[in-house]
Protein chains: 2
Amino acid sequence: MKLAEKKDTKTHILDVAERHFAIYGFAGTTLRGIIKEADVNVAAVAYHFGSKEDLYSAVIERFAKPVVEEQLSRLRKEIVKRNVKLTNILTAFYEPPIALIKSMGKRGATLSLFLGRCQTEQEPIYSMIDKHFAPCRDQFLLAMRQVLPGLSKKDYHWNFEFMLSLIVCFLTRQQVISKRYTANENWQVDDVVSRLVGFCTAGMQDSK
Amino acid sequence: MKLAEKKDTKTHILDVAERHFAIYGFAGTTLRGIIKEADVNVAAVAYHFGSKEDLYSAVIERFAKPVVEEQLSRLRKEIVKRNVKLTNILTAFYEPPIALIKSMGKRGATLSLFLGRCQTEQEPIYSMIDKHFAPCRDQFLLAMRQVLPGLSKKDYHWNFEFMLSLIVCFLTRQQVISKRYTANENWQVDDVVSRLVGFCTAGMQDSK
DNA sequence: GTCTATAATTCGATAGAC
DNA sequence: GTCTATCGAATTATAGAC
């Protein structure tokens, strides 16, 4: 907020809350910490969002909605093709969140941490998170079964879990790794996506 | 604690604290919650451990020490061989924590969650955790470079991060997945290790 | 070693003026 | 919509008796 001031208060609180929840988790975040940094009154949070849980819900929804919609859109375009390929399905899954995060600059880095945090939140926060991602996840799980015949049900699910863990790994470790070995934080969407898709495709198809 | 009562108070507190830190994280864990479940006095924690951070430090040390020692011992036996293989190095890394967790039954399940939690803790807890795992991690990183010639420095590190994320994924998701598709929580160490090693070996060697 | 009692903070939430 | 003021609860940590 330098010039062009006047992002409305509600959005401003949302931005600060997003970063706090990402860094400290739900339990470790305090409303006082948020309002102090956002330089708003404590009652403003209650007025615009309600409780601390309601605020978290608003944060997760703003993040998850565009990602999930883009993933499903991309998936639909793939599964109508005659020869559906694992590589394309993986790309449809990996690219939307990575591209979104890349396009958002500093806020993208915050969202990366946030997604990592989502993996270890407990009830009732976990259900709140899962509600936003589960339908999309199930669609991809279904699609993957079509391109990976011959695997047991158990194998499907473990491969799928590994696929999920890889993107979480990238998003949460990206800043550390990039900075450690390239002296800056630059990375390209295509590089990252192909790295993830490559590792995952090989792991799913060529293991044993 | 049924018969054979009298685990000493210090160990008892440690056991309960381990589970609380695993489930709720450092910030989400309260000393009151621990002492209530352990049925000890609040002053007992201060007497035996000191502060909340000191208690966490005791928990992480008890868990990490035997795992890291076994991993390094296994690694040393591998790297003196004439033909070091990636598969063997990965097995040396994956098997000790998985075998330990399997052998510990219910407490092993708790330790799995705990390791997942470690991935998202913040300072000063993160440094406390990293201090215990970093030396071992660096040894494996070094060994892997010998068996993966031709990869860039950046590729090494990303592959290594993926390798780490896979075991964290397994440990934290194991209960959910196993229960969902086998109606029980049984799993065999060899099965899991070969699954992880297979996926990771393929991802590292056959990608692109 | 174990306990009670409590100090000193900090938290989430809300009432009510403007 | 925004603010001040504050309540009630929960937290870590400690002092001191036994």
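Scope of this entry: the structure provided in the associated data block. (Residues numbered from 1 in each chain as written. Chains lettered and ligands numbered in written order. Predicted model: local features only at pLDDT ≥ 70, side-chain atom pairs only at ≥ 80, totals over all residues. Heavy atoms only, no water.)

## Observations regarding the nonpolar core
The biggest cluster of nonpolar side chains holds 133 residues, and the ones touching the most others in it are Tyr56, Tyr94 and Met163 of chain A together with Tyr56, Tyr94 and Met163 of chain B. Setting aside residues no more than four positions away along its own chain, methionine 163 of chain B makes contact with Leu90, Phe93, Tyr94, Met144, Cys200 and Met204 of chain B. (Core = buried A, V, L, I, M, F, W, Y, C linked by side-chain atoms within 4.5 Å. Buried < 20%, exposed > 50% of the residue type's maximum accessible area, 1.4 Å probe, protein only. Contact = heavy atoms within 4.5 Å.)

## Some remarks on the protein's contact with DNA strand D
Around DNA strand D sit 14 residues, and of these Asn41, Ala43 and His48 of chain A together with Leu31 and Arg32 of chain B come closest. Among the atoms of DNA strand D close to the protein, meaning within 4 Å, 45% are from sugar or phosphate groups. Within the contact set of DNA strand D, a phosphate oxygen lies 3.0 Å away from a backbone nitrogen or oxygen of leucine 31 of chain B. The separation between a base oxygen of DNA strand D and a polar side-chain atom of arginine 32 of chain B is 3.1 Å. (Near = heavy atom within 4 Å. Polar contact = N/O pair within 3.5 Å; in protein donor to acceptor, adjacent residues only side chain to side chain.)

## Description of the protein's contact with DNA strand C
The immediate surroundings of DNA strand C are formed by 14 residues, with Leu31 and Arg32 of chain A together with Asn41, Ala43 and His48 of chain B found nearest. Backbone atoms, meaning sugar and phosphate, form 50% of the atoms of DNA strand C found within 4 Å of the protein. Threonine 29 of chain A places a main-chain nitrogen or oxygen 3.4 Å from a phosphate oxygen of DNA strand C. Within the contact set of DNA strand C, a phosphate oxygen lies 2.9 Å away from a backbone nitrogen or oxygen of leucine 31 of chain A. Of the residues forming the surface near DNA strand C, the biggest block, 4 residues, is contributed by helix α3 (residues 42-48) of chain B. Of the residues that constitute the surface near DNA strand C, the class distribution is 6 nonpolar, 6 polar and 2 charged. (Helix = DSSP H or I, 4+ residues; strand = E, 2+ residues; numbered from the N terminus. Nonpolar A, V, L, I, M, F, W, Y, C, P; charged D, E, K, R; others polar.)

## Remarks on empty space enclosed by the protein
Counted according to the given criterion, the structure contains 2 cavities of 30 Å³ or more. Along its surface, the largest cavity is lined by Lys154 and Trp158 of chain A together with Phe170, Ser178, Trp187, Gln188, Asp191, Val192 and Arg195 of chain B. Secondary-structure elements contributing two or more residues to the lining of the largest cavity are α8 (153-182) of chain A together with α8 (153-182) and α9 (189-205) of chain B. At 3 residues, α9 of chain B tops the list of elements feeding residues into the lining of the largest cavity. Taken together, the residues of the lining of the largest cavity sort by class into 4 nonpolar, 2 polar and 3 charged. What the second largest cavity holds in volume is close to 60 Å³. Forming the walls of the second largest cavity are Arg173 and Arg180 of chain A together with Arg137, Asp138, Leu141, His157, Phe160 and Glu161 of chain B. Of all the elements in the fold, those that place two or more residues in the lining of the second largest cavity are α8 of chain A together with α7 (125-147) and α8 of chain B. Looking at side-chain class alone, the lining of the second largest cavity contains 2 nonpolar, 1 polar and 5 charged residues. (1 Å grid on protein atoms, 1.4 Å probe; cavity = no way out; pocket = protein on both sides within 12 Å on 5 of 7 lines; lining within 4 Å. Points joined across faces, edges and corners; volume = space filled by probe spheres on them.)

## Section: the side chain of histidine 157 of chain B
Topologically, histidine 157 of chain B is positioned in helix α8. Classification of histidine 157 of chain B by relative accessible area gives buried; the value is 6%. Ignoring sequence-local partners within four residues, the contact set of histidine 157 of chain B consists of Ile177, Arg180 and Tyr181 of chain A together with Leu141 of chain B.

## Overview of the packing of aromatic side chains
For any pair of aromatic rings, the description rests on two quantities: the centre-to-centre distance and the angle between the ring planes. Inspection of every chain in the model, using the stated rule, returns 23 aromatic pairs over all chains. Considering the side-chain rings of phenylalanine 26 of chain A and tyrosine 56 of chain A, the 5.6 Å spacing of their centres and the 85° angle between planes classify their relative orientation as edge-to-face. Of this pair, phenylalanine 26 of chain A sits in helix α1 (residues 9-28) while tyrosine 56 of chain A sits in helix α4 (residues 52-79), and the two are 30 residues apart along the sequence. Among the residues examined, tyrosine 56 of chain A registers a relative accessible area of 0% and is labelled buried. Pairing phenylalanine 63 of chain A with phenylalanine 114 of chain A gives two aromatic rings, centres 6.0 Å apart and planes at 85°, and the pair type is edge-to-face. Here phenylalanine 63 of chain A, found in helix α4, pairs with phenylalanine 114 of chain A, found in helix α6 (residues 106-118); they are 51 residues apart in sequence, far enough to count as distant. Every member of this aromatic cluster is reached through a ring pair, and the members are Trp158, Phe162, Phe170, Trp187 and Phe199 of chain A together with Trp158, Phe162, Phe170, Trp187 and Phe199 of chain B. The positively charged end of lysine 10 of chain B is found above the aromatic ring belonging to phenylalanine 49 of chain B, 5.8 Å away from the centroid. (Phe/Tyr/Trp six-rings, centres within 6.5 Å; stacked < 30°, edge-to-face > 60°. Lys NZ or Arg CZ within 6 Å of the ring centre and 35° of its normal.)

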